[in-house]
Amino acid sequence: MSYYPLTSIPDYYSIDTLLTEEHKLIRESVRSWVESFVMPKIDQAAQDHTDIPGLMKELGNIGALGPYIPEEYGGPGLDQISYGLIMQELERGDSAVRSAASVQSSLVMFPIFEFGSEEQKHKYLPKLASGDLIGCFGLTEPNHGSDPSSMESKFTDQGDHYLLNGAKMWITNSPIADIAVVWAKGEDGKVRGMILERGMEGFTTPTTHNKWSLRASKTGELVFNNVKVPKENLLPNVEGLKGPLSCLNSARYGISWGVIGAAIDCYCTGVQYSKERKQFGKPIGGFQLQQKKLAEFLTEITKSQLLCYQLGNLKNENKASPAQISMAKRNNVKMAIEIARESRQMLGGMGIMGEFPMMRHAANLESVITYEGTHDIHLLITGMDITGINAFG
């Protein structure tokens with residue numbers, strides 16, 4: 001037995017009837033690419049703790065980098081539901097693949113598009129969209145994760161340039177990135193964003209080793225030791241935490257769709273295995289406990305699909321609140337990680353083998369449930385929205 005190609009996507013509530021033909025075409029195109037390019041390579045990449053060679057260029061070729069960026073700046077100019085469907089299909093392949101696209105799109109291209117100068121947009125966005133440039137996002141620090149307002153990275157005005165000092169940690173793609181969108185405090189204490197380029201003196205990107213999760217993705221640090229940043233590299237149109245938090249909202253939205261793909265991969269594998277694996281004289285799918293699991297998987301996937309579809313509509317209308325996005329991110333990641341764990345049990349000992357995706361998805365989702373706001377932080381965001389009382393700190 002081995003990996004089962006996906007023949008159809010679970011659509012128990014006929015959500016496809018709500019999608020446009022373009023939405024379905026985009027989804028099918030990305031799904032086909034995942035089947036042909038990602039699936040044959042992903043287990044070995046995860047086992048070897050290496051990324052997939054040429055991944056970013058391939059993602060650029062299929063339009064998965066900055067899908068909602070207008071054509072004027074090199075993007076496809078798609079809507080938010082298209083972006084979500086792309087993330088769903090990529091994460092069905094692996095969270096590391098979706099993370100690469102999500103970081104490039106929501107954490108690098110989004111802030112340059114929203115807050116950058118016209119010069120910055122035209123300089124960076126087309127090359128980021130094509131995958132000719134790889135970007136990363138510097139917000140989290142060794143001592144400050146859930147509390148970015150306490151960041152220690154600082155820059156000072158030196159007349160003709162800024163001087164940046166500090167460090168960022170847990171940065172996807174930092175070891176291979178050509179540019180980094182970095183958030184730091186100025187002398188007035190206000191958070192600002194700036195674009196760093198590889199090769200700037202004093203700017204280094206050490207690799208993080210020995211991960212049990214997202215093993216097919218490069219993770220590292222960003223270290224700034226008296227880095228001279230040209231003044232034209234400052235993002236001119238935002239200050240304060242509104243900048244990085246708006247990026248995180250876009251990324252969290254993509255995650256809420258993406259993890260549905262991981263859950264679908266585990267569910268479909270569980271269904272197929274339950275029909276083929278025989279114990280006590282019949283397929284294990286004929287036992288009540290296995291049917292209970294599968295019915296619960298499909299129910300939770302369907303609920304998450306409906307949540308994301310309506311959230312996508314709100315995003316398209318610029319009406320989605322940060323708290324609504326937090327709810328979807330928290331609910332859907334929890335859904336996916338529980339399906340990965342329970343479906344692994346359905347396969348017994350085979351569930352730990354690389355030929356099947358459950359253990360890889362489960363390990364990846366341990367990172368996804370932590371990054372872009374931890375599970376508990378999103379709970380508090382929803383709680384504050386309900387009560388109007390800030391429970392942080």
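For the structure, see preceding data.
Every chain begins its residue count from 1, and numbering advances along the sequence as written. In keeping with the model being predicted, local features are shown solely for residues with a pLDDT of at least 70 and side-chain atom pairs are shown and tallied solely at 80 or more, while totals for entire chains, interfaces and linings include all residues. Excluded from the side-chain calculations are hydrogens and water; all other atoms, namely the structure's heavy atoms, are used.

**A look at the pairing of strand 2 (residues 154-157)**
Residues in a regular strand point their side chains to alternate faces of the sheet. Our working definition: Here the rule is simple: two strands pair whenever DSSP picks up at least two bridges between them. In this text, helices come from DSSP runs of H or I with a minimum length of four residues, and strands from runs of E with a minimum of two, each type numbered from the N-terminal end.
In the sheet, strand 2 pairs with strand 3 (residues 161-172) via four bridges, with the strands oriented antiparallel. Across the sheet, Phe155 pairs through a bridge with Leu164, a residue of strand 3. From the end of strand 2 to the start of strand 3, which pair antiparallel, there are three residues, and Gly159 there has a positive phi angle of about 95 degrees.

**Notes on the layout of surface pockets**
Selection rule: Buriedness for pockets is judged along seven lines, at least five of which must meet protein on both sides within 12 Å for an open set on the 1 Å grid over protein atoms alone, while cavities are sets there where a 1.4 Å probe fits but cannot get out, and lining residues have an atom within 4 Å of a point. Grid points are joined across faces, edges and corners, and a volume is the space filled by probe spheres set on the points. Residues are sorted three ways: Asp, Glu, Lys and Arg are charged, Ala, Val, Leu, Ile, Met, Phe, Trp, Tyr, Cys and Pro are nonpolar, and all the rest, Gly among them, are polar.
One number sums up the size of the largest pocket: a volume of about 1200 Å³. As for the largest pocket, its lining consists of 41 residues, and the residues nearest its centre are Thr140, Gly145, Tyr371, Glu372 and Gly373. The set of elements that each furnish at least two residues to the lining of the largest pocket consists of helix 4 (95-115), strand 3, helix 6 (242-276), helix 9 (358-368) and helix 10 (375-387). No other element matches the five residues that helix 4 contributes to the lining of the largest pocket. Space inside the second largest pocket adds up to approximately 490 Å³. Residue lining of the second largest pocket: 21 residues in total, with Gln80, Phe110, Glu114, Lys315 and Asn318 positioned closest to the centre. Among the elements of the structure, helix 4, helix 6, helix 7 (288-316) and helix 8 (322-346) are those that each provide at least two residues to the lining of the second largest pocket. When grouped by side-chain class, the residues that make up the lining of the second largest pocket number nine nonpolar, seven polar and five charged.

**Thoughts on empty space enclosed by the protein**
Gaps between atoms show up when a probe of the same size as a water molecule is rolled over them. For the coordinates displayed, the defined rule picks out one cavity of 30 Å³ or more. Reported here for the largest cavity is a volume of approximately 110 Å³. What lines the largest cavity is simply Ile9, Pro10, Asp11, Ile15, Asp16, Leu19, Arg27, Leu85, Gln88, Trp257, Gln305 and Tyr309. Every element with two or more residues in the lining of the largest cavity is listed here: helix 3 (80-93) and helix 7.

**Regarding the packing of aromatic side chains**
This is how the line gets drawn: Centres within 6.5 Å make a pair out of two Phe, Tyr or Trp rings, where for Trp the six-membered ring is used; the pair is then stacked when the planes are under 30 degrees apart, edge-to-face when over 60, and tilted otherwise. The criterion is that NZ of a Lys, or CZ of an Arg, lies within 6 Å of the ring centre and within 35 degrees of the ring normal, and then a charge sits over that ring.
What the rule picks out here adds up to 10 aromatic pairs. The rings of Tyr68, Tyr83 and Tyr253 are connected pair by pair, giving a single aromatic cluster. One cation-aromatic arrangement involves Lys41 over Phe37; the distance from NZ or CZ to the ring centre is 4.1 Å.

**Considering the nonpolar core**
To keep it simple, the criterion reads: As used in this record, nonpolar core signifies buried Ala, Val, Leu, Ile, Met, Phe, Trp, Tyr and Cys residues forming a set joined through side-chain atoms within 4.5 Å. The classification of residues rests on relative accessible area computed with a 1.4 Å probe and restricted to protein chains. Under 20% of the type maximum is buried, over 50% is exposed, and intermediate values are partly exposed. For this analysis, residues touch if any pair of their heavy atoms sits within 4.5 Å.
Core analysis: the biggest nonpolar cluster contains 117 residues, and Leu59, Leu90, Leu164, Trp183 and Leu196 have the highest contact counts within it. Of all the elements, helix 6 adds the most residues to this core, at 15 residues. Non-local contacts of Leu59, meaning those with residues more than four positions away in its chain, are made with Trp33, Ala64, Leu65, Leu90, Val97, Ala100 and Ala101.

**Some words on the environment of Ser106**
Note the threshold: Here a polar contact is taken to be a pair of N or O atoms separated by no more than 3.5 Å, where protein atoms must pair a possible hydrogen donor with a possible acceptor and residues adjacent in sequence count only if both atoms sit in side chains.
Relative to the helices and strands, Ser106 resides in helix 4. A residue is classified by how much of its surface remains accessible, and Ser106, at 0% relative accessible area, is buried. In the structure, Ser106 is positioned 49 residues away from Lys57 in sequence and 17 Å away in space, judged by C-alpha atoms. Ignoring anything within four residues of it in the chain, the contact list for Ser106 reads Tyr68, Tyr83, Pro111, Cys247, Ser250 and Ala251. Within the structure, the side chain of Ser106 is placed 2.7 Å from the side chain of Tyr83, a separation counted as a polar contact.

All quantities given are derived from atomic positions and should not be read as evidence of function.
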